[in-house]
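In case you want the letters, here they are:
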Amino acid sequence: MSWTCPSCSHKPKLIDEYLSFAPELAETIDSFDPKLFPQLAPLEAKSFWFRSRNRLIIWALQRYFPQATTFLEIGCGTGFVLSGIEKAFPQLTLYGSEVMTTGLGFANQRLCRSQLFQMDARKIPFEDEFHVIGAFDVLEHIQEDKTVLAEMYRATQKGGGIVLTVPQHPWLWSQADDDDCHKRRYRAQELETKVNRAGFTVVRMTSFVSLLLPLMLLSRLRQRRPNPKYNVMSELRISGVLNFLLENILNLECIMIKHGISFPFGGSLLLVAKKL
């Protein structure tokens, strides 16, 4: 892959065969543990949480951006979300970025036609380029989230917009957040204010993982005391029966959201905003 900046003729270097726009961050950052990539990759496709979130993201794209032609996912990780979008939107030209090239290697194995590159979301090297930009459980890993939102606004075409998911409720903070390198869990008003100040207009916001919030709260309360043996992947390694039941509960929740219900409380937030 080759690319030249149309404004300054800069040609980014290649790292592990991927265009690298922030090579100084390609291997080590403090916002995510790269050792989690090989653990995540085989779990996502079976996990009730990742599968249900994908359905919600795909619905949001279909509902609010039916005419989209280009899509960029910031922090695409192992490519699980992009793989779902590839199947659901054959007409979309797709791009995925990740700050660590380790993640891009896993994403490349999963994806068929998405173009991948290494990038710092705080310095997006594009302007008015993409119809839609998505960031799915990414902003909470970045201290400068307002900078990222401003960069997303600059890189989005007029008439397009963004789709975000983030963890919600600071009172749900637990060892899972510490081990996941989270900087924050969001309040709904906080996220909406930051998105509006970046220039976007919010058109839909709802909590999700709402019907499972009591179970999630119990789990988080048990994690308030540090446990040196705790494994952040343990919540994804559950029995097939329990996984099936939880996924069906979240499928019901997704149907309710599609019919216009916006939940005020939940483990996560979905936000859709447009650049008018």
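Structure report, in brief. All values reported here derive from a predicted model rather than from experimental measurement. (Residues numbered from 1 in each chain as written. Predicted model: local features only at pLDDT ≥ 70, side-chain atom pairs only at ≥ 80, totals over all residues. Heavy atoms only, no water.)

1. Side note on the nonpolar core
Point 1. In this structure, L61, F65, F71, I85, L116 and V163 are the most contacted members of the largest nonpolar core, which totals 53 residues.
Point 2. Elements with a contribution of two residues or more to this core: α1 (37-44), α2 (48-64), α3 (80-88), α4 (101-110), β6 (130-136), α8 (213-222), α9 (240-258) and β9 (268-274).
Point 3. Counting residues per element, this core draws most heavily on α2, at 10 residues.
Point 4. Residues within four places of F65 in sequence aside, it is in contact with A60, V132, G160, G161, I162, V163, V272, A273 and K274.
Point 5. With 32 residues, the next largest nonpolar core counts L72, L139, M152 and L164 among its residues. (Core = buried A, V, L, I, M, F, W, Y, C linked by side-chain atoms within 4.5 Å. Buried < 20%, exposed > 50% of the residue type's maximum accessible area, 1.4 Å probe, protein only. Helix = DSSP H or I, 4+ residues; strand = E, 2+ residues; numbered from the N terminus. Contact = heavy atoms within 4.5 Å.)

2. Details of the packing of aromatic side chains
Point 1. Scanning the model with the defined rule gives nine aromatic pairs in all.
Point 2. The ring of F65 has K274 lying over it, and the distance from NZ or CZ to the ring centre is 5.6 Å. (Phe/Tyr/Trp six-rings, centres within 6.5 Å; stacked < 30°, edge-to-face > 60°. Lys NZ or Arg CZ within 6 Å of the ring centre and 35° of its normal.)

3. With respect to the pairing of strand β4 (residues 93-98)
Point 1. Counting buried positions over the six residues of β4 gives five, a clear majority of the element.
Point 2. Alignment of strand β3 (residues 70-74) against β4, held across five bridges, turns out to be parallel. The residue of β4 that forms the bridge with I74 is S97.
Point 3. Across four bridges, the pairing between β4 and strand β5 (residues 115-118) is parallel. The residue bridging S97 from the neighbouring strand is F117, located in β5. (Pairing = 2+ DSSP bridges.)

No statement about biological role is implied by the geometric values presented.
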